[in-house]
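# A closer look at the structure
Below are the chains, spelled out letter by letter.
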Amino acid sequence: METEQNKNNFKSGFVSIVGRTNVGKSSILNNLVGQKIASVVNKPQTTRTAIRAIINRENSQIIFIDTPGIHKPKTKLGDTMVETAFGTIGDVDLILFVVEATSEEIGKGDRIILEKIKESNKKTILIINKIDLVNREQIAKLIETYKDEYNFEAIIPISALKKCDVEIILEEIEKKLNYGPAYYSKEDFTDQTLRDLASETIREKALKLLKDEVPHGIFVEIEKMKRRKTMENEPIFNIEATIYCLKDSHKGIIIGKNGLMLKKIGMYARQDLEKMLETKVNLKIWVKVKEDWVNNDNFVKKFKME
Ligand SMILES: Nc1nc2c(ncn2[C@@H]2O[C@H](COP(=O)(O)OP(=O)(O)OP(=O)(O)O)[C@@H](O)[C@H]2O)c(=O)[nH]1
Ligand SMILES: [Mg+2]
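Quick caveat, the model's predicted, so the values are computed rather than measured. (Residues numbered from 1 in each chain as written. Chains lettered and ligands numbered in written order. Predicted model: local features only at pLDDT ≥ 70, side-chain atom pairs only at ≥ 80, totals over all residues. Heavy atoms only, no water.)

The next thing to look at is the site of ligand 1. Around ligand 1, the structure places 23 residues, and the nearest of them are Lys 25, Ser 27, Thr 46, Thr 47 and Asp 132. Residue Asn 22 places a main-chain N or O atom 3.0 Å away from an oxygen atom belonging to ligand 1. In the model, an oxygen atom of ligand 1 is placed 3.1 Å from a nitrogen or oxygen of the Asn 129 side chain. Burial of ligand 1 by the surrounding chains reaches 89%, relative to a free accessible area of 660 Å². When residues of the shell around ligand 1 are assigned to their parent elements, the largest contribution, three residues, is made by helix H2 (residues 25-33). Of the residues belonging to the shell around ligand 1, the class tally is seven nonpolar, 12 polar and four charged. (Near = heavy atom within 4 Å. Polar contact = N/O pair within 3.5 Å; in protein donor to acceptor, adjacent residues only side chain to side chain. Areas by Shrake-Rupley, 256 points an atom, 1.4 Å probe, with all protein chains shown as cover. Helix = DSSP H or I, 4+ residues; strand = E, 2+ residues; numbered from the N terminus. Nonpolar A, V, L, I, M, F, W, Y, C, P; charged D, E, K, R; others polar.)

Where two aromatic rings form a pair, the distance of their centres and the angle of their planes describe that pair. Across all of its chains, the model carries 11 aromatic pairs by this definition. Aromatic side chains Phe 97 and Tyr 146 sit 6.2 Å apart centroid to centroid with 80° between the ring planes, which places their arrangement in the edge-to-face category. With a gap of 49 residues between them, Phe 97 in strand S4 (residues 94-100) and Tyr 146 in helix H5 (residues 136-147) connect regions that are remote in the sequence. Considered together, Phe 97 and Tyr 146 belong to a single accessibility category, that of buried residues. Residues Tyr 150 and Phe 152 carry aromatic rings whose centres are separated by 5.3 Å and whose planes lie at 65° to one another, so their mutual orientation is edge-to-face. Taking relative accessible area as the criterion, Tyr 150 reaches 13% and is therefore assigned buried. A relative accessible area of 10% places Phe 152 in the buried class. An aromatic cluster is present here, built from Phe 219, Tyr 244, Trp 293, Phe 299 and Phe 303 joined pairwise through their rings. (Phe/Tyr/Trp six-rings, centres within 6.5 Å; stacked < 30°, edge-to-face > 60°. Buried < 20%, exposed > 50% of the residue type's maximum accessible area, 1.4 Å probe, protein only.)

So, about the confidence of the model for the chain. Across the chain, the average pLDDT comes to 92, with 97% of residues at or above 70. Taking the mean pLDDT of every element in the chain, the minimum, 54, falls on helix H1 (residues 4-7) and the maximum, 98, on strand S5 (residues 124-129). (pLDDT = per-residue confidence, 0-100.)

Below, the discussion takes up unusual backbone geometry. One non-glycine residue, Gln 45, adopts positive backbone phi at about 55°. Within the secondary structure, Gln 45 sits in the loop between H2 and strand S2 (51-57).

A few words now on the domain arrangement of the chain. Per the domain assignment, the segments of the chain are domain 1 (4-176) and domain 2 (194-303). Listed by partner, the interface residues are 17 residues for domain 1 and 19 residues for domain 2. Carbon and sulfur atoms supply 51% of the area that domain 1 and domain 2 bury against each other, a total of about 1600 Å² over both sides. Considering only the surface of domain 1 that becomes buried against domain 2, Lys 43, Arg 48 and Lys 76 emerge as the three largest contributors, covering 36% of it. Summed over the shared surface of domain 1 and domain 2, the result is two salt bridges. (Domains from an automatic or database assignment. Contact = heavy atoms within 4.5 Å. Buried area = accessible area lost by both parts, 1.4 Å probe. Salt bridge = Lys/Arg side-chain N within 4 Å of Asp/Glu carboxyl O.)

Ideal geometry at a metal gives 109.5 degrees between four tetrahedral donors and either 90 or 180 degrees between six octahedral ones. The coordination sphere of the magnesium ion (ligand 2) contains the protein donors Ser 26 (OG) and Thr 47 (OG1), at a distance range of 2.0 to 2.2 Å. Placement of Ser 26 in helix H2 and of Thr 47 in the loop between H2 and S2 is noted, with a sequence separation of 21 residues between them. Of the two residues, Ser 26 and Thr 47, both sit in the buried class. (Donors = N, O, S within 2.8 Å, 3.2 Å for Na, K, Ca; no water.)

The subject of this paragraph is the pairing of strand S7 (residues 219-229). Note: S7 against strand S8 (residues 235-245), 10 bridges, orientation antiparallel. Paired with Arg 228 across the bridge in S8 is Ile 236. Hairpin geometry of S7 and S8 is characterised by an intervening segment of five residues between the two adjacent antiparallel strands and by a positive phi of about 70° at Asn 233. (Pairing = 2+ DSSP bridges.)

For the rest of this paragraph, the subject is the sheet that holds S8. Spatially, S7-S8-S9 is the arrangement adopted by the three strands of the open sheet, whose pairing is mixed. Each having just a single partner strand, S7 and strand S9 (280-289) make up the two edges of the open sheet. Ignoring strand direction, the axes of neighbouring strands in this sheet form an average angle of 15°. Pairing of S8 with S9, which is carried by 10 bridges, proceeds in the parallel orientation. Of the residues in S9, the one forming a bridge with Ile 236 is Lys 280. Strand contacts of helix H7 (residues 194-209): S7, S8 and S9, with the helix running at about 120° to S7, the strand carrying the most contacts. Along the sheet face, helix H9 (residues 260-277) touches S7, S8 and S9 and points at about 140° away from the line of S9. (Axes fitted to C-alpha atoms, helices over the stretch in contact; angles between N-to-C directions.)

Rendered as structure tokens:
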């Protein structure tokens, strides 16, 4: 079908960012969009759902899908996360396959993803991330290794921490996309609602501050989110949230001695939320136990792709 934009050489398409956990997928997405959409933490399994981000360029609209990292699932939540990530491969126009420059060879996890890509036969750009951590020879060797495996549209070594590197990715993607209309309004930059962004912000702070298995078992629900005016007629957001965790002992750790840990999580989250919402924020957080929710179908279904 020929549309108005088609005639004007407008391009569009869906691009899924896949890769093992912790390789830097969400960092790439945030830097591409120039807005913090997805949580970035130096711990595995940070991203839990497929998060869409929209980039509007002069002659194209690119919709990125950040996916949960591929890992060996140990819970029903883990199963759903991996299913979601692989599920996107079939649905998109192009895949960004992210691997770490520090890998000497193709590891087991990367191999599984590579095989899925081969099966799909989709156009794929290989991103070798974290090149700031290795020397040139190592990058060159990794490129050679991957070249023999698949007919990649391009192989781009980057550091997700550098803005100019991510620009190169956008140009390469635009070249490979088909002509098509803009699917989203030009003002949109994500499909995440304010509630999603608020709950992710709180979860990210908890992930960063908590240790061991505690952070992986938390789930943040926004109970209330309302903009109102203060007595001085200043706008303020009232946000009430609950952090669910797996066990009583975890609840104690999250609240911390004299409530200090919860205070810290709340303080850092509030700072980010105030920046994001551009108003003052009044944030209240409760902690509740929801035993073994990571294996509870009713809870886990919230993370399934719609
Ligand atoms: N040195 C270095 N660190 C990076 C780079 N890109 C990402 N990181 C770090 O790697 C860690 C993981 O980054 P994320 O973006 O959360 O990784 P992810 O692939 O989305 O992880 P999951 O959501 O758990 O699958 C964070 O601590 C980042 O700051 C990079 O280019 N260089
Ligand atoms: Mg992520």
